[in-house]
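# Notes for the structure review
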Amino acid sequence: MKIALRQLEGNRPGYYGLLAALSLVAALGGGAAWYMEHHGHIVTGMNNQIVWGLPHVFAVFLVVAASGALNVASMASVFGKTEFKPLAPLSGLLALALLLGGLAVLMLDLGRPDRLIVAMTHFNFKSIFALNIILYSGFMGFVIAYLWTMMEHGMNRYTPLAGLFAFIWRIALTTGTGSIFGFLVARQAFDSALLAPLFIALSLSYGLAVFLLVLMLAAHGSARPLGDALLARFARLQVIFIAVGLYFVLVYHLTNLYFTKHHDFERFILLEGGVYTAMFWLGQVLLGGVLPIVLLLHPRIGQLRQRIALSAALVVLGGFAQMFVTIIGGQAFPLVIFPGRQVSSSFFDGVVNSYTPSLPEWLLGLGGMAVVGLIVMLALKVIGFLPQRLDDAAMATSSPATPAGA
């Protein structure tokens, strides 16, 4: 039995209401970007010490989640889990949408987005930023080709090969994103090769959480049945992914505690960092890690849709807390310019840097998320990336999904 992909049908007010709300948020994000570009970054909460603000938190989270969102398609094409093949097109769509939304925020937060053409035409191959431009564009190219082989019936035989290349590239993409911070040796918070595998581990849970939220919302909005066994399988995967992410966070901090030069930073993040300490323990560890695992360990979790949705939302919130602590907290901790010496001057040496996000920064970050939502909603309406049936009986007997009329 082949499961044909179907567009969202009907003219439900909820769909167009959500579309209008997302369009409004995206427009406000564009207005915030124009405001910051016109007046300069002096209108933001950023300063000479904290140069990557809240928009970078949104952007990096979306880029990392984009990599993880492709996992469902990879499990089907690369690892032979054929039960996930009907959902592979939605997985690829989400990967593209999340990456485009993250890059939109990233570009508009750099201060001079009009000079992006310089970064695209003049490469410094010793710069991890230049390498990431290649990784981002390559990821989009591979995912588009991957989707083509899945959606075009005559190209289905190339799907495993395209999926393999997309999987390898997504690992490289997340490694490059983590290495942006890991290669910054001047910052005690970032100077660690563990950040690359940490970001790969985090992408697994972030991407699956976003995928589950979109899948459940789309199935509910279009009145498509969603099987309990399928959701239970995703819930068990999410438990594993969250645990792996927590493990790498533990290894990262234990590694820092092993080296004396990082003890001050670890004391700052784990004990004395104020908002950063609270967001680490309450946001990242508790809400984003421990609580979702507890919620998902119920023996009948497939029937408890609200628990699954709540746990996915908590993983997303915990992911933002993780990125806030990593990016903002890492910059808030003072630079150690002269190791082993106390430095005092009028230029904030040895002082914890303060940062309060401004309204334009919030709007720009939320605008990027709205762009993701708009891309997904329009694609589901115009092209169709979801099977008509997602109940357990249909998923158990399905073969690779084909578009309607193929």
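Data block above holds the structure.
Residues numbered from 1 in each chain as written. Predicted model: local features only at pLDDT ≥ 70, side-chain atom pairs only at ≥ 80, totals over all residues. Heavy atoms only, no water.

## Here's the deal with the overall build of the chain
This is how it is decided: Strands are runs of DSSP state E lasting at least 2 residues, helices are runs of H or I lasting at least 4, and numbering of each runs from the N terminus. With C-alpha atoms as the basis for the radius of gyration, the globule rule is written as 2.2 Å multiplied by the number of residues raised to the power 0.38. Note on exposure labels: buried denotes an accessible area under 20% of the residue type's maximum, exposed denotes more than 50%, and partly exposed covers the range between, all computed with a 1.4 Å probe on protein chains only. In this description, contact between two residues means that some pair of their heavy atoms is separated by no more than 4.5 Å.
Along the backbone of the chain there are 14 helices and three strands. Here the chain has a C-alpha radius of gyration of 22 Å; the compact-globule value for 406 residues is 22 Å, and the two agree. Once the C-alpha set of the chain is aligned to its principal axes, its extents read approximately 70 × 45 × 40 Å. Within the chain, buried positions represent 51% of all 406 residues. Within the chain, residue pairs in contact and separated by at least 24 positions form 80% of the contacts whose partners lie at least 6 positions apart.

## Let's talk about unusual backbone geometry
In this structure, Ala 223 is a non-glycine residue whose phi angle is positive, near 55°. Mapped onto the elements of the fold, Ala 223 is located in the loop between helix 8 (195–221) and helix 9 (228–258).

## Quick look at helix 13 (residues 359–382)
The criterion, for reference: Helix span, expected: 1.5 Å multiplied by one less than the number of residues in the helix.
Along its 24 residues, helix 13 runs 34 Å from first to last C-alpha, staying within 8% of the 34 Å computed at 1.5 Å per residue. Remark: Gly 384 follows helix 13 within two positions and exhibits a positive phi of approximately 90°.

## Regarding the nonpolar core
Across soluble globular proteins, nonpolar side chains have a tendency to be buried as a group. Condition: Grouping buried Ala, Val, Leu, Ile, Met, Phe, Trp, Tyr and Cys residues that are joined through side-chain atoms within 4.5 Å yields what is termed a nonpolar core.
Grouped together as the largest cluster of nonpolar side chains are 113 residues, with contacts concentrated most on Leu 87, Phe 181, Phe 211, Leu 215, Phe 234, Met 323 and Leu 380. Per element, the largest residue contribution to this core is 16 residues, and it comes from helix 8. In terms of nonpolar packing, the next biggest core, distinct from the first, is built from five residues, Ala 33, Met 36, Ala 59 and Leu 364 among them.

## Focus: the layout of surface pockets
Note the following rule: Points on a 1 Å grid, built from protein atoms alone, make a cavity when a 1.4 Å probe fits but cannot get out and make a pocket when they are open with protein on both sides within 12 Å along at least 5 of 7 lines; residues with an atom within 4 Å of a point are the lining residues. Grid points are joined across faces, edges and corners, and a volume is the space filled by probe spheres set on the points. Charged residues are taken to be Asp, Glu, Lys and Arg, nonpolar residues to be Ala, Val, Leu, Ile, Met, Phe, Trp, Tyr, Cys and Pro, and polar residues to be all remaining types, Gly included.
Taken as a whole, the largest pocket spans an internal volume of roughly 970 Å³. Around the largest pocket, the lining comprises 39 residues; the ones closest to its centre are Leu 18, Leu 213, Val 214, Leu 217 and Ala 218. Every element with two or more residues in the lining of the largest pocket is listed here: helix 1 (13–39), helix 2 (54–69), helix 4 (88–108), helix 8, helix 12 (305–332) and helix 13. Of the residues forming the lining of the largest pocket, the biggest block, nine residues, is contributed by helix 8. Here the lining of the largest pocket is composed, by residue class, of 28 nonpolar, six polar and five charged. Considering only enclosed or pocket space, the second largest pocket measures out at about 840 Å³ in volume. Among the elements of the structure, helix 2, helix 4, helix 5 (116–121), helix 6 (128–151) and helix 7 (159–182) are those that each provide at least two residues to the lining of the second largest pocket. In terms of residue count, helix 6 provides more of the lining of the second largest pocket than any other element does, seven residues in total. In the lining of the second largest pocket, the residues fall into 22 nonpolar, seven polar and two charged.

## Some points on a nonpolar patch on the surface
The following threshold applies: Candidates for patches are residues over 30% relative accessible area with no salt bridge; among them, like charges are joined within 9 Å and nonpolar side chains (Val, Leu, Ile, Met, Phe, Trp, Tyr) within 5 Å. The protein chains shown are the only cover counted for residues, whose accessible areas, like all others here, come from Shrake-Rupley with a 1.4 Å probe. Every case where a carboxyl oxygen of Asp or Glu lies within 4 Å of a side-chain nitrogen of Lys or Arg is listed as a salt bridge.
Residues Trp 281, Leu 282, Leu 286, Leu 287, Val 290, Leu 291 and Val 294 make up a contiguous nonpolar surface patch of roughly 590 Å² in combined accessible area. For Trp 281, a relative accessible area of 42% corresponds to the partly exposed category.

## Things to note about helix 8
Where we set the bar: What is called the bend at a residue is the angle between a pair of axes, fitted to the seven residues leading up to and ending at it and to the seven starting from it.
In this model helix 8 runs 38 Å from its N-terminal to its C-terminal C-alpha over 27 residues, within 8% of the 39 Å that 1.5 Å per residue would give. Along its length, helix 8 reaches its greatest deviation from straightness, about 25°, at Ser 203. Summarising burial for helix 8: 22 of the 27 residues are buried, a large majority. At the C-terminal side of helix 8, Ala 223 shows a positive phi close to 55°.

## Side note on the packing of aromatic side chains
The criterion, for reference: Each Phe, Tyr or Trp ring (for Trp, its six-membered ring) is paired with any other whose centre lies within 6.5 Å, and the angle between the two planes then decides the class: stacked below 30 degrees, edge-to-face above 60, tilted in between.
With the rule as written, the count across this model stands at 20 aromatic pairs. Judged by centre distance (5.0 Å) and plane angle (55°), the rings of Phe 58 and Phe 320 are tilted. Residue Phe 58 is found in helix 2, and its partner Phe 320 is found in helix 12; the two are separated by 262 residues along the sequence. Assessed through its relative accessible area of 5%, Phe 58 is described here as buried. Judged by relative accessible area, which is 15%, Phe 320 ranks as buried. Judged by centre distance (6.3 Å) and plane angle (80°), the ring pair of Phe 58 and Trp 362 falls under edge-to-face. Here Trp 362 lies in helix 13 and Phe 58 lies in helix 2, a separation of 304 residues in the sequence. With a relative accessible area of 40%, Trp 362 lands in the partly exposed category. Each residue in the set Phe 58, Phe 61, Tyr 206, Phe 320 and Trp 362 is aromatic and connected to the rest through ring pairs, giving one cluster.

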